[in-house]
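Here are the chains, one letter per residue:
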Amino acid sequence: MVSRFILGVVLGAVLCAPVLAAEPGPAQKPPGAPELAPKPDWVMPPNEAPRSGRERTYNLDTLFEGLKIAPDTDSARAIEQRIWSLWMASGSDTCNLLMARVKAATEDKDFDLAIKLLDAVIELKPNYTEAWNRRATVYFLQKDYGHALADIHEVLSREPRHFGALSGLGLILQEIGDEKHALEAYRRALAIDPHLENIDDVVKTLREKVEGRDI
């Protein structure tokens, strides 16, 4: 199950976190070593998610079914936006205000403030999945991979279909050198959203490295 898989990699990453935090920069590739696999960008919610009252009538299960069979990228992006609009809806004016301040703080690269604001949101509404996801994002931007993975676990325990969190999981696992589990995370993300940007190419490269080329 996703939660057991996430829990395992979280425990391993948390143990490695102090070492990772101490690194001054990206690791250098030794001479003669194989080329590093490409990495996708962190999947972010749209700046302006649809806010029409009509969007609330969409059922997440229906949207995810549509996402799997979307005929093209444009159709998939439209469905993704509707899903994000439901994920981002906190149902609380206070949380909405705090999340707006989180966005501003993150854009200003004031990550410590963003974390404090997200702590407050999570304390107010611990089942608000997007607060956990946003905090995982900020931890990732700080290269605090242990805490980011712990928050991703919280996201996926509440919404196992969160393609953004699964993609982020794969990216972090790549960063810490666990390409086997990164490949598994990306595959889970693609099973939910086959049109995720750049993930196909990453999966192809990782599959060749982890499982070998097809004969």
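Whatever comes next refers back to the structure up there.
Each chain carries its own residue numbering, running from 1 in the written order of its sequence. At least 70 in pLDDT is required for a residue's local features to be given in this predicted model, at least 80 for side-chain atom pairs to be given and counted, and no such filter applies to totals for whole chains, interfaces and linings, which use all residues. Think of the side-chain values as coming from all heavy atoms in the structure, minus any hydrogens and water.

What to know about the overall build of the protein
A tally of regular secondary structure across the protein gives ten helices and zero strands. Numbering of helices and strands runs from the N terminus, with a helix taken as a DSSP run of H or I at least four residues long and a strand as a DSSP run of E at least two residues long. Traced from its N-terminal end to its C-terminal end, the protein shows the element sequence α-α-α-α-α-α-α-α-α-α. A total of 215 residues make up the protein; the buried ones form 43% of that total. Any pair of residues with heavy atoms lying within 4.5 Å of one another is described as a contacting pair. By sequence separation, contacts in the protein at least 24 residues apart represent 66% of the contacts at least 6 residues apart. Three exposure classes are used, based on accessible area relative to the maximum for each residue type with a 1.4 Å probe and protein chains only: buried under 20%, partly exposed in between, and exposed over 50%.

Overview of the nonpolar core
What tends to happen in soluble globular proteins is that the nonpolar side chains get buried as a cluster. Residues belong to one nonpolar core when they are buried, are Ala, Val, Leu, Ile, Met, Phe, Trp, Tyr or Cys, and are joined through side-chain atoms within 4.5 Å. Counting 54 residues, the largest nonpolar core has I83, F163 and Y186 as its most contacted members. Sequence-distant contacts of F163, that is, excluding residues within four places in its chain, are made with F64, L67, E80, I83, W84, W87, A189, I192, D193 and L196.

A word on helix α3 (residues 73-88)
One fewer than the residue count of a helix, multiplied by 1.5 Å, yields its expected span. For α3, which comprises 16 residues, the first-to-last C-alpha distance of 22 Å matches the rise-based estimate of 22 Å (1.5 Å per residue) to within 8%. Of the residues making up α3, those classed as buried are A76, I79, E80, I83, W84, S85, L86 and W87. Tucked inside the fold, the buried residues of α3 contact α2 (60-68), α6 (129-141) and α8 (163-175). Near the N-terminus of α3, the side chain that reaches the backbone nitrogen of D74, with its oxygen 3.3 Å away, is that of D72. In protein, a polar contact means a hydrogen-donor-capable atom and an acceptor-capable atom, both N or O and within 3.5 Å, with residues adjacent in sequence counting only if both atoms are side-chain atoms; elsewhere, any N or O pair within 3.5 Å suffices.

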